[in-house]
Amino acid sequence: MTFTIPDKYRNLTTTNKIQHKGQNLLTIYIIHLIDYVIREYTYDDLTVPLYSVVMKQIYGNQYSFYVDYLVGTGFIKEVKGYSTVKHTSTMYKLTDDLRGVFSIRMEDYKLHKKLTRYFDNHNPLFKNSPIPLEIRQKLVDDLKSVTIDYERSVEYLEKNLKKNRGKYPKNLSMINKIKNHDLFFSFDNWGRFHSNFTNLNKEIRTKYLTIDGQPIVELDIKSSQPFFLSQVMKRDPLLFENEEVKRFIDILEDNTQDIYRMFVKKYPDYFTSKDEEKNRTKSKLMVLRSLFNRKKKMTKYKEIFKREFPFIFDYMNMFKYDSLQELWLTLQRRESEFIFNKVYMTVIKQIPEIKIITVHDSILYPMKFHEKVKPIWETYRQEMISKK
């Protein structure tokens, strides 16, 4: 097993147990939990939910002491908790600055046995998901065909993301797990397939991965969530007649335009980085927050978006929280329908030998199949935007 942890916990790798509040804690469990948090925290707010039922099955009845140890040593802090009929979850926020993280391979029979038992009892292949059952095993199997250029990936990471507290540790973790074929995956309820590769920087994915030793190409839906929002609006006769909505749709349907770069170009005083990709990433976050963030505070990024699309901004702010969540999930389901039910299913039927990696709104495959795959992608995309 491959773990990524901060330097300050290096001592945990040299001993089997430590004392914490009168309890003997297994260090391999602490290391596993730290690695899990680094793997799962969100880039946006550095939070991760921890589920008591899951932790109890893996770490035993002492699970709360393992979490308490990480809180006490400044790795995470509790943000909020909630309960449902099925489980209790507490949201934690990463508080460690993650300077000097390192990756290490360790094996532990007891942990491996518990993780295997948990996987067998909660096999993600059979989880409730819109992704068709008949393609899930292939999605998982194809992950095993990927190899990574480890040296060049780490070199890129050190040069471009070293100072990025959110992205550096997670990408280092993914690079090392892929190198060691320590793969993980899950299917969610809304049609997304998660794996090591969905957490990996796009530049590293496209430049330093190969499938069966072959260079790869990636096709993606540009500005995916705004794009699918435009398609929802397009099918609403009350919205489609609005000239601003038509402009929004036109921008997102035109492959030669990029709504995120449009904001960067029009507002250079706000997007000031010399790195154009950093500016685009900032613009993407601005657009998504303006559309889907329910906080009422009128921030600078919301002012900019409203200046360009006042009707759409006000329309999105009319949604109550639950309705907005449902709209967001609708957009994810449409994305999933396009990627898996249409493009993926058609490609593997026409090219049975192909291996494909999916990353939410994109597919990656060996370059030698590009001339066959690209027309399938474009056909379904054109079919989608042609519907009224």
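All of the points below concern the structure found in this document. (Residues numbered from 1 in each chain as written. Predicted model: local features only at pLDDT ≥ 70, side-chain atom pairs only at ≥ 80, totals over all residues. Heavy atoms only, no water.)

### A few points about the overall build of the protein
Within the protein one finds 17 helices and 14 strands. Over its C-alpha trace the protein gives a radius of gyration of 22 Å, about what one expects of a compact globule, namely 21 Å for 388 residues. Each of the three principal axes of the protein carries a C-alpha extent, and together these read 70 × 50 × 45 Å. Within the protein, the fraction of its 388 residues that count as buried is 49%. Taking the intrachain contacts of the protein between residues at least 6 apart in sequence as the baseline, contacts between residues at least 24 apart amount to 67%. With an accessible surface of roughly 19,800 Å², the protein has 51% of that area assigned to carbon and sulfur atoms. Each charge class in the protein can be summarised by its mean position, and for the 67 positive and 49 negative side chains these summaries are 4 Å apart. (Helix = DSSP H or I, 4+ residues; strand = E, 2+ residues; numbered from the N terminus. Rg over C-alpha atoms; globule rule 2.2 N^0.38 Å. Buried < 20%, exposed > 50% of the residue type's maximum accessible area, 1.4 Å probe, protein only. Contact = heavy atoms within 4.5 Å. Areas by Shrake-Rupley, 256 points an atom, 1.4 Å probe, with all protein chains shown as cover. Lys, Arg positive; Asp, Glu negative; His and termini not counted. Charge placed at Lys NZ, Arg CZ, Asp CG, Glu CD.)

### Some thoughts on the pairing of strand 1 (residues 2–6)
The buried fraction of strand 1 amounts to five of the five residues, a majority that puts the element mostly inside the structure. In strand 1, alternate side chains face the same way, and those of Thr-2, Thr-4 and Pro-6 on one face and Phe-3 and Ile-5 on the other are all buried.

### A few points about the sheet that holds strand 11 (residues 209–211)
A sheet is described by the order of its strands in space; here five strands give the open sequence 8-11-12-14-13, paired in antiparallel fashion. With partners counted over all chains shown, the strands left at the sheet margins are strand 8 (146–148) and strand 13 (357–358), one partner each. (Pairing = 2+ DSSP bridges.)

### Concerning helix 3 (residues 63–72)
Of the positions making up helix 3, those classed as buried are Tyr-66, Val-67, Tyr-69 and Leu-70. Summarising the axial view, the buried residues of helix 3 lie within an arc of 155 degrees, below the 170-degree limit, and thus occupy one face. Looking one or two places after helix 3, you find Gly-74, whose phi comes out positive at around 80 degrees. (Arc of directions from axis to C-beta.)

### A closer look at the packing of helix 1 (residues 27–40) against helix 3
Here helix 1 crosses helix 3 at 65 degrees, and the two axes come no closer than 10 Å. Relative to helix 3, the element helix 1 is oriented roughly perpendicular. In this structure, helix 1 crosses over helix 3, and the sense of that crossing is right-handed. Two secondary-structure elements touch here, helix 1 through Tyr-29, Ile-30, Leu-33 and Ile-34 and helix 3 through Tyr-66, Val-67, Tyr-69 and Leu-70. Partitioning the contact of helix 1 with helix 3 into residue classes produces eight nonpolar, no polar and no charged. (Axes fitted to C-alpha atoms, helices over the stretch in contact; angles between N-to-C directions. Parallel < 35°, antiparallel > 145°, perpendicular 65-115°, else oblique. Left-handed = near helix turned anticlockwise from the far one by under 90°. Nonpolar A, V, L, I, M, F, W, Y, C, P; charged D, E, K, R; others polar.)

### Focus: the pattern of salt bridges
What the rule picks out here adds up to 24 salt bridges. The partner of Asp-7 in a salt bridge is Arg-10, with the nearest N and O atoms 2.7 Å apart. Residue Asp-7 is classed as partly exposed on the basis of its relative accessible area of 34%. For Arg-10, a relative accessible area of 41% corresponds to the partly exposed category. (Salt bridge = Lys/Arg side-chain N within 4 Å of Asp/Glu carboxyl O.)

### A short note on the packing of aromatic side chains
Within the structure shown, the criterion is met by 21 aromatic pairs. Aromatic side chains Tyr-29 and Tyr-66 sit 5.7 Å apart centroid to centroid with 55 degrees between the ring planes, which places their arrangement in the tilted category. Of this pair, Tyr-29 sits in helix 1 while Tyr-66 sits in helix 3; the two residues are 37 residues apart in sequence, bridging distant segments of the chain. One exposure class covers both Tyr-29 and Tyr-66, and it is buried. Their ring planes at 85 degrees and their centres at 4.9 Å tell us that Tyr-270 and Phe-271 sit as a pair that is edge-to-face. (Phe/Tyr/Trp six-rings, centres within 6.5 Å; stacked < 30°, edge-to-face > 60°.)

### Considerations on the pairing of strand 14 (residues 362–366)
With five of five residues buried, strand 14 is to be regarded as a mostly interior element. For strand 12 (residues 214–220) and strand 14, the ladder comprises five bridges, and the chain directions are antiparallel. Looking at the pairing, Leu-219 lines up with Ile-363 of strand 14. Between the end of strand 13 and the start of strand 14, which pair antiparallel, lie three residues, with His-360 showing a positive phi angle near 60 degrees.

### Some points on the side chain of Asn-180
Along the chain, Asn-180 turns up in the loop between helix 7 (167–179) and strand 9 (185–187). Side chain to side chain, Asn-180 and Thr-2 meet in a polar contact 3.0 Å long. Sequence-distant contacts of Asn-180, that is, excluding residues within four places in its chain, are made with Thr-2 and Arg-105. (Polar contact = N/O pair within 3.5 Å; in protein donor to acceptor, adjacent residues only side chain to side chain.)

### Quick word on the packing of helix 13 (residues 276–292) against helix 14 (residues 300–308)
Helix 14 packs onto helix 13 with a crossing angle of 80 degrees between their chain directions and a minimal axis gap of 9 Å. Between helix 13 and helix 14, the angle is such that the two are roughly perpendicular. On the side of helix 13, the interface is formed by Met-286, Val-287, Arg-289, Ser-290 and Leu-291, while helix 14 contributes Tyr-301, Lys-302, Ile-304 and Phe-305. Residues that form the contact of helix 13 with helix 14 fall into these classes: six nonpolar, one polar and two charged.

### Looking at the nonpolar core
Formed by 121 residues in total, the largest nonpolar core has its most connected members in Phe-75 and Phe-263. Residue contributions to this core peak at eleven residues, all from helix 16 (residues 321–350). Contacts of Phe-263, omitting those with residues within four sequence positions, involve Phe-271, Ser-283, Met-286, Val-287, Ile-304, Phe-305, Glu-308 and Phe-309. (Core = buried A, V, L, I, M, F, W, Y, C linked by side-chain atoms within 4.5 Å.)

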